[in-house]
Structure formats: structure tokens, C-alpha cells
Amino acid sequence: MGAQIAGHLANAGVDVILFDLAAKSGDPNGIVGKSIANLGKLSPAPLATKDRAGVIVPANYDQHLPQLAGCDLIVEAIAERLDWKKDLYAKVAPHVAAHAILASNTSGLSINSLADVLDESLHERFCGLHFFNPPRYMHLAELIPCAKTSPQVLDNLETFLTTTLGKGVVRAKDTPNFIGNRIGVFSMLATIHHTQAFGLGFDTVDALTGPAIGRPKSATYRTADVVGLDTMVHVIGTMADTLADDPWHPYFAAPPVLKALVAQGALGQKTGAGFFRKLGKDIQALDVASKDYRLSDSTLAPEVAEILKIKHPAEKFAALRASSQPQAQFLWALFRDLFHYSAYHLASIADTARDVDFAIRWGYGWKLGPFETWQAAGWQQVAGWIAEDIAAGKAMADAPLPAWVTDGRSGVHGKAGSFSPAKNAELPRSALPVYARQRFPEPILGERFDPGQTVFETDAVRMWHDGDGIAVIGFKTKMHTVSDGVIAGLQKAVGIAEQDFTGLVLWQDSEPFSAGADLKGAMAQLQGGKVGDFSAMIANFQATSMRMKHAQVPVVAAVRGMALGGGCEFQMHSSRTVAALESYIGLVEAGVGLLPGGGGLKEIATRAGLAAGPNGDVFAKLKPYFETVAMAKVSSSALEAREMGLLRPDDVIVFHAHELLHVAKAQVRALAESGYRPPIPARNIPVAGDVGIATFKMLLVNMLEGRFVSPHDFEVATRIATVLCGGAVDRGALVDEDWLLRLEREHFVALAQMPKTQERIVHTLTTGKPLRN
């Protein structure tokens, strides 16, 4: 975990030192060096690009503790042993600079107990800083002060975590397991209890507690396998040891089946077997009765499947509670006890209900937190049902609901903010200045943010502004695909921006940025024999890209999530791209038997030719691009997209997706204030020509003969090479952008008419998967 935290700091460009024990033999940094090397092998990848590992400085406790004096933030992330942590603090404390913050990544040990070993002068700069695993991807970071932590220290750290590392910060109270794991682990324990009570299979429970109720695909038991069953036993044991007064304490014990699996060495994913195992292509689930594995079956009872399709939450919960079907009874009992537990402990673990809901959403990947789910289902109705079940002895604990639950409220999230038991009032969001960078923060249930003033709106796009002189346009199509309406809307928006605004930002209100062209609409034209209309549409697509590139005001693309095909091409033609770290960018048209047709290949050929210069090696510049396009590669991060050449060196990468619009607008202002002029059309672009095409074809022939590519793959890649090299002209010949656009368009239309390409398109539209033919 410590290495992964260091890895994410390295992703963010932070100078980072990683400490570990000194090796007993050989290189003293052998242990820490192995940890750093292992970052390149983990999945999902902790590092945004593999070279980020080189940013991390290896160190050991025996030789390098004095280096801590130059650190501003020191994060301890050793094993969850209070005595070990205190021993380490005693060694580290003399080397902590007078301004530095010392933090523990403990997942649930007492921060005040850890502070006891520290000198009083360090208390105001000490706190808990709990990253969730894996730290690059999990949005949640919990901040836990000790009794004397300085509010300014917490504010500074929250600001750093938010903007620099892209985290969603929740401040928790110093109670065991804090917020996320306190509620999340209880939910898993409740699930285990009710699995046994209702006699359900682990596969059935995972089918019930995954996407069917707005939770991740890994659901409950698959999540336990991934975490590690030995880790689960440890976490449950910690709850039992530290929460003796909790009314639910009798349930804080590992069930016999879990203990048996751990005793057998079946620890989940890391050993190949746990609640589930994979045998060949089959997923098998453990059967408790036979104590053996059987084929996993995720089929739900028809009655329950129908109930879960009900859209209105109040009706859905009423149907679950009224049903006699064991799966429905299981779900009601699970939610009832989760709501009961969360309400009972809210005052002791968090300042507001918002903190609990965000902690669970960001730390466990639920679409709604427990209080949001309860409120959506009808607060008082559900509260009454919970009280009835407590009185009837059906609930896991007989602790009464807190008085505030039944004081006539309609929920815990309202216009004024979210409920705080300590203040007996709804409290607004944090006023920390860093949050002014989030024009549209992640909403809690019922929150609505000012949508801005509409300039124009169609079925495909909306253009709006905030009165700051910068216009914003977003797509309304499914997956923000590029349709005829989007193309027309973009052209109109650029024209309006040139007349009435300082610049234009292309930004979507949700992921993805764009999944590419509207293939369904394109296929309709081709199958209808309207090749002329299809060709005209591609020409219009290209013209839109060029309109963006040569607009008289800066056009900035704000990218997050997927930017594929046409989406990638649009950002390539922007004045500048601002991309969230988790941006997955690629020219993927080869996967459906096409080539990039919105100006992408023209842009690559232009960049490569101008970078090589009149007498340079254009082919060498093109080769990595060709491999990227022909293999339909997609970046695993914005940093990798920059390495691939799909983002430019001066494009900006941000770590918090909700700051994307703020930074994109700042880029528009900076470009405009510096006297922005669009690039002059490139008229003398050196190309690789016929020699370049022949060289690429030679590589492709070898791949074809080795059966690494199919004949149609060969056809597609050859045409990609032809466009990138500027066609059948002499090596070093000079062409202009119009020449390259015409080549791109001709080969795109030719490929689109081929039966094998159309088979690929239809297959992808039907199945969502590529076809190799």
C-alpha cells in the first residue's frame, strides 16, 4: 500500500521517497527496490506510465532517515500493529521538519493513541490519512484529526489531496475503522449473516448485491476474495476487539465457513480459490452443504428480478418488504440493518450524513450511499418499517433508532445541506477555497447546480455560459457519440464563440468525453446505398475538426473517461486539451475495419512531417503513430496518451475530474490574454511517400504470413499507412492539409463499403465486442 501511495504521488509529479526495512544481505535497498519494481506488475496499474517508477527515490530506515528532514508530508503505511507503528514514530520523529505534516495511513487504529508516542510539538501536525486501495483509482481519502491537530494543517492537506492527487476527501472522527470501513465492513458482515439466515448461495447473493442494487460487479463475496479472506478475518477481528460496546458486536465474528477457507489456505484471488474459483473458463462457487465447488449460477428468482426493475425506490422497497420470496426478504433485511446501523452511529463517526454517503460511494463504489438510498425510498415510511422490525425482534440489534430519525423529517439531505446530529441542523458543503474550482461537484441526492445560461440547444448539443465570457458546449447523444447533429452544433458553436465570446470549451457533464462516431447512423446510410451522402458526412466531419483548429478564438477540449475515434480527433484539433488523469484516449477505428476519418490521420501526418523537417526522417516519426493507430491502442491514462503522441506536450493533465472545467476555462483565458491566433494552415508538409508505404507494407506482410493479422487487418493497415505517408508520392514530397484530408476521406469511404468492414461494424453494434474476420 505504501508503494502504491508513492506511485500515485509520482503520477502527480510529486518528489517522493519510499522507505522500507533495510535488507539483511546484499543491497540495503533491496526490499524497497523490489516494491518499486512490483508497481509495474500490478493490475490495475498503480503507475500512469511505467517510467513514473523512476521518480520514486528508494530508501531504508537504517541509512536514510535524515532525508526525512527535507519532506513536507510524511505518510506512514506499515502493518496495522499499534506497537509497530509507535516504534517507528519514535525513530522518525527526530527527523521530521518543523513545518512537515506526519500522517498515518491506518485503516482504523486510533489516531489519538498513535499520537501518544509523539512529542507534543508534533500533535498539531499529526493526523490520519487513509487512502483506499488501490489509491490511484479509489476516489476516497479519509482525514482523521487527533485531539490537537491544527485546523490549518487539515485544510492544507485537504487542498493538496483534492487538486494534486484528485481525491474526494471526507473528514472522519477518530473511531475504529473511521467511516468508510465502519459502514462498509458492517454491510459485508450483515450480508454474511443474512446469507446464512436465508439459506442463499454465495453466487446468488453476489447477483443480488452487485449492479442489481447499484453496487460494483464484484458485489460481496467476490470483493472478499479480491481483498483476501485472511484480511477479512483480520478486519473483523479488529472490529470485535475495538467495538466491544457496539450493539451489533455479537456479529463481529468470522463465520465458520470463512474460518474454514482461511484454515485451508483458500484466501481468495491471491491463492486461486475462496468463495469462488476459476476452473478453465468456468467460474465456480463454493457450496456450503457439499463443501465443494459447483458451477456459479447468478440467476435471480423471477419475482425478485421484476421487483428490482421497479424504478420508483419507494415502490421497490415496499415490494421487497411485502414479498415472501427469500431473496426479497434477504434484500430488505440487508438494507434495514444497514440503515439502522448507519443512523445509530452517525453522530459518533461523522459530522454529517453527507460524509457517510460520500465515504461509501467513493470508497466502495456504490451509486448511492446508505442515507441517500433510505431517503429516496421514503424516509418516514422506511423508518417506520425499521422500528417495527426492531420491536418484533427481526433486526440484528435491538438498539432504538435515534430520536432525530423519526422527528418528522423527510430525509437527511436538503436544500440547506446535510444533517448533522451534533448541530441538529443541515450543514452546507465545505467552504474551503479549493472547492471553488469545482463548478459542478459530485452531487448528493437531490442536489441541483445552476446549469448556466443557455446560448442555444438542440437534440444533439447544448451551448451555455456563466457570464464570464467563455462558452461551453456539450453533447447530448448516447455516450456522447458524434452524430450529424453534433457536427452541425459544433460548427454553429464555433461561429457564435468567434463573435460573442473569448473562447469555447468542449466539455461533457459526465463521462465519457466521446465514444466516437455514430456508427449506427453511418451504417444506415451505407446499407441504404447512399454512398454520396456518407462521403459528404465524412467531409463535414473533417471540416468540423478543421473549423475547431482554425477558429479565431481558442477552443479547448476538456477530456475525461473515453475519448475514442472521433472524440480523440476532436481533441487533437483543439487549441489545447485539458485531460483528467483517468482519460482513455485512442484512434480505434481499425477495430471496426475503418481508419480515422475525422482528420486524425491528417493531423498525425502533419505533426510528424513538421517535426521531422524538410530533410528529416519522416518515417521514423510516423512509425510509433502507425503502430498505435493500426493496433487501435487506447491509452491507460492521460500521461500515457501524451507518450503516445495523442496529447501534445503543452496539453494539461489534471487529477481531479471535477476541476476539469475550471482548468479548461483558465486555459482559454491564458490563450486569449496572450494574443491567441489560430495556427496557419500547413501548406508544405514533408511526407514519407511511396518509400514509407512500401516499408510499412513489408512489416505488414511479415505479420500476415505469421498469421498475426488477418487479410482484412492487412487491408486496413495498408490504407492507414498510405494516408499517413501522404499517398503514392516521392519520399520528401511536400503536400498540404487538404491533400491529406482527401486521402483520408477516400480510403475511409472505400473501407466502409467493404463487406468485411460492415460485418465488423454490425457485430460491434450488436454485441459491443470487436470481430476479427
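Residues numbered from 1 in each chain as written. Predicted model: local features only at pLDDT ≥ 70, side-chain atom pairs only at ≥ 80, totals over all residues. Heavy atoms only, no water.

Overview of the pairing of strand E19 (residues 576–586)
Then comes step 1: Within E19, 10 of the 11 residues are buried, leaving the element largely enclosed by the surrounding structure.
Then comes step 2: Strand direction decides the pairing type here: strand E18 (residues 555–564) and E19, joined by eight bridges, are parallel. Paired with Met562 across the strands is Tyr584, a residue of E19.
Then comes step 3: In this view, the connection linking E18 to its parallel neighbour E19 by way of helix H21 (residues 566–572) has right-handed handedness. (Buried < 20%, exposed > 50% of the residue type's maximum accessible area, 1.4 Å probe, protein only. Helix = DSSP H or I, 4+ residues; strand = E, 2+ residues; numbered from the N terminus. Pairing = 2+ DSSP bridges. Right-handed = clockwise from strand over helix to strand, strands pointing away.)

So, the pattern of salt bridges
Where charged atoms from two side chains of opposite charge come close, those side chains can pair.
Then comes step 1: Considering all chains together, one arrives at 40 salt bridges under this definition.
Then comes step 2: Residues Asp287 and Arg294 are paired through a salt bridge, measuring 3.3 Å at the closest nitrogen-oxygen approach.
Then comes step 3: Each of the salt bridges in this network shares a partner with another, and the network as a whole consists of Arg321, Arg336, Asp337, Glu388 and Asp389. (Salt bridge = Lys/Arg side-chain N within 4 Å of Asp/Glu carboxyl O.)

Description of the layout of surface pockets
By rolling a water-sized probe across the atoms, one finds the places where empty space is left.
Then comes step 1: Space inside the second largest pocket adds up to approximately 1100 Å³.
Then comes step 2: For the second largest pocket, the lining is made up of 42 residues, of which Ala515, Gly516, Ala517, Leu519 and Thr764 are closest to its centre.
Then comes step 3: Secondary structure elements with two or more residues in the lining of the second largest pocket: helix H18 (484–500), helix H19 (519–527), helix H20 (531–549), E18, H21, helix H28 (737–752) and helix H29 (755–767).
Then comes step 4: The element that contributes the greatest number of residues to the lining of the second largest pocket is H19, accounting for six residues.
Then comes step 5: Partitioned by chemical class, the residues of the lining of the second largest pocket number 23 nonpolar, 12 polar and seven charged. (1 Å grid on protein atoms, 1.4 Å probe; cavity = no way out; pocket = protein on both sides within 12 Å on 5 of 7 lines; lining within 4 Å. Points joined across faces, edges and corners; volume = space filled by probe spheres on them. Nonpolar A, V, L, I, M, F, W, Y, C, P; charged D, E, K, R; others polar.)

A short note on the sheet that holds strand E13 (residues 425–427)
Then comes step 1: A sheet is described by the order of its strands in space; here three strands give the open sequence E11-E12-E13, paired in antiparallel fashion. Two strands bound the open sheet, and with one partner strand each, they are strand E11 (413–414) and E13.

Quick look at unusual backbone geometry
Then comes step 1: Across the junction of Ser43 and Pro44, the peptide omega takes the value 0°, indicating a cis bond.
Then comes step 2: Of note, Pro44 is situated in the loop between helix H2 (30–38) and strand E2 (56–60).
Then comes step 3: A cis amide bond links Glu511 with the next residue in sequence, Pro512, at an omega value of 0°.
Then comes step 4: Structurally, Pro512 can be placed in the loop between strand E17 (503–507) and H19.
Then comes step 5: Phi is positive for Asn177, which is not a glycine, with a value near 70°.

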